[in-house]
Amino acid sequence: MEIGLALPTTVPDVSGRGLLEWARRAEGLGFSTLGVLDRVVYGNYEPLLSLAAAAAVTERIRLATTVLLAACRDTTLLAKQLATLDHLCGGRLVVGLAAGDREDDFTATGTSFAGRGKRLDDAVAELRAAWSGAGPGLRPYGRPPLLIGGHSAAAMRRSARSGDGWISGGSSVTRYADLVARVRAEWRRQGRDRSPRLVSLCYVSLGPDGPRRAESYLRGYYAFAGEKAAHVVAGVATEPGRLRDLARGYAEAGCDELILLPCAADPEQADLIAAAVLS
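Criteria and cut-off values
- Residues numbered from 1 in each chain as written.
- Predicted model: local features only at pLDDT ≥ 70, side-chain atom pairs only at ≥ 80, totals over all residues.
- Heavy atoms only, no water.
- Helix = DSSP H or I, 4+ residues; strand = E, 2+ residues; numbered from the N terminus.
- Buried < 20%, exposed > 50% of the residue type's maximum accessible area, 1.4 Å probe, protein only.
- Contact = heavy atoms within 4.5 Å.
- Axes fitted to C-alpha atoms, helices over the stretch in contact; angles between N-to-C directions.
- Parallel < 35°, antiparallel > 145°, perpendicular 65-115°, else oblique.
- Left-handed = near helix turned anticlockwise from the far one by under 90°.
- Nonpolar A, V, L, I, M, F, W, Y, C, P; charged D, E, K, R; others polar.
- Pairing = 2+ DSSP bridges.
- Expected span 1.5 Å × (residues − 1).
- Polar contact = N/O pair within 3.5 Å; in protein donor to acceptor, adjacent residues only side chain to side chain.

Below, the discussion takes up the environment of valine 40. Within the fold, valine 40 resides in the loop between β2 (33–36) and α2 (47–57). By relative accessible area, valine 40 is classed as partly exposed at 36%. In sequence terms valine 40 and threonine 109 are 69 residues apart; their C-alpha atoms lie 8.1 Å from each other. Beyond its immediate chain neighbours, meaning those up to four positions away, valine 40 contacts Cys72, Asp105, Ala108 and Thr109.

Structure (structure tokens):
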């Protein structure tokens, strides 16, 4: 199983210079991918611009949207942005998309929260068409793999019909194994003759101040979710041994790549994570 690392674009007090150092350090340490989260109504860095900056200071590491809220974006513009990003990084882009579950992000962009699944289906079809050369727009440098995110039955069908793989938000290892079984079954029902690429996200916050940082950040980030915030905080890996156990569990459950979401902006966090799971 590969181990990737997310840029701390949603972590409070992160700086632009800090993000660039994080990207350089993650590549030097041997992580497989740099991921980014997407929000509109939150004080985070915009994900595509963040990956473009990371592309300029890295050469090997994959750059992934994990995941992008395509249903509240203009698809024609998004196709051009993603194709441009793929050129900037020399074909290292991985595109993860999901319907989204925060209504305020849709309200802020003037799009309806209802019907977002259908709009995502339309967006995927439009992206595929644009990238195939059927339209006049820019084609990507390569063929960006497309991961579809979400735990619902609809999301799993979408991944089987349109995707190259499936990406899960943070969940317990036990639940992930069950989700993987459901995804694989859906791919078989849809007549897919190969296995999906399976990716998951997992929060991590190491060091002596790790638990406090995780709670401070995630209680705010998930404030909209009520009791779910406490559940997310409880699942954070705050000890190296716990992180190794989680990684081993995800691998045994069939995960092809685990992307770790940091709860602190300090680039030294990347070193602590690498020492725990890459050495």
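Additional details are given in the paragraphs that follow.
It is worth spelling out the packing of α2 against helix α3 (residues 75–88) at this point. One can describe the packing of α2 onto α3 by two numbers: an axis separation of 9 Å at closest approach and a directional angle of 15°. Here α3 runs roughly parallel to α2, going by the angle between their axes. Classified by chirality, the crossing of α3 by α2 is left-handed. Across the interface between the two elements, Leu48, Leu51, Ala52 and Ala55 from α2 touch Leu78, Gln81, Leu82, Leu85 and Leu88 from α3. Class assignment of the residues belonging to the contact of α2 with α3 gives a composition of eight nonpolar, one polar and no charged.

A barrel is described by the order of its strands in space; here eight strands give the closed sequence β1-β2-β3-β4-β5-β6-β7-β8, paired in parallel fashion. The sheet shows a mean angle of 25° between the axes of neighbouring strands, taken without regard to direction. In this fold helix α5 (residues 116–131) packs onto β4 (93–98) and β5 (146–149), with an angle of close to 155° to the strand it touches most, β4. Those strands touched by helix α11 (residues 268–277) are β1 (2–6), β7 (197–204) and β8 (257–262), and its axis lies near 165° from that of β1.

Attention shifts here to helix α7 (residues 173–189). With 17 residues, α7 extends 24 Å between its outermost C-alpha atoms, agreeing within 8% with the 24 Å of an ideal straight helix rising 1.5 Å per residue. Along α7, the residues that are buried comprise Tyr176, Leu179, Val180, Val183, Ala185, Glu186 and Trp187. Buried residues along α7 sit against α6 (153–162), β6 (165–168), β7 and α10 (240–252). Where α7 terminates, the next one or two residues include glycine 191, which has phi positive at roughly 75°.

A word on the side chain of arginine 39. Residue position: arginine 39 is located in the loop between β2 and α2. Relative accessible area serves as the criterion here: at 8%, arginine 39 is assigned to the buried category. In terms of polar contacts, arginine 39 uses its side chain to reach the backbone carbonyl oxygen of valine 41, at 3.1 Å. Excluding its chain neighbours within four sequence positions, the residues that come into contact with arginine 39 are Asn44, Arg102, Asp104, Asp105 and Tyr221.

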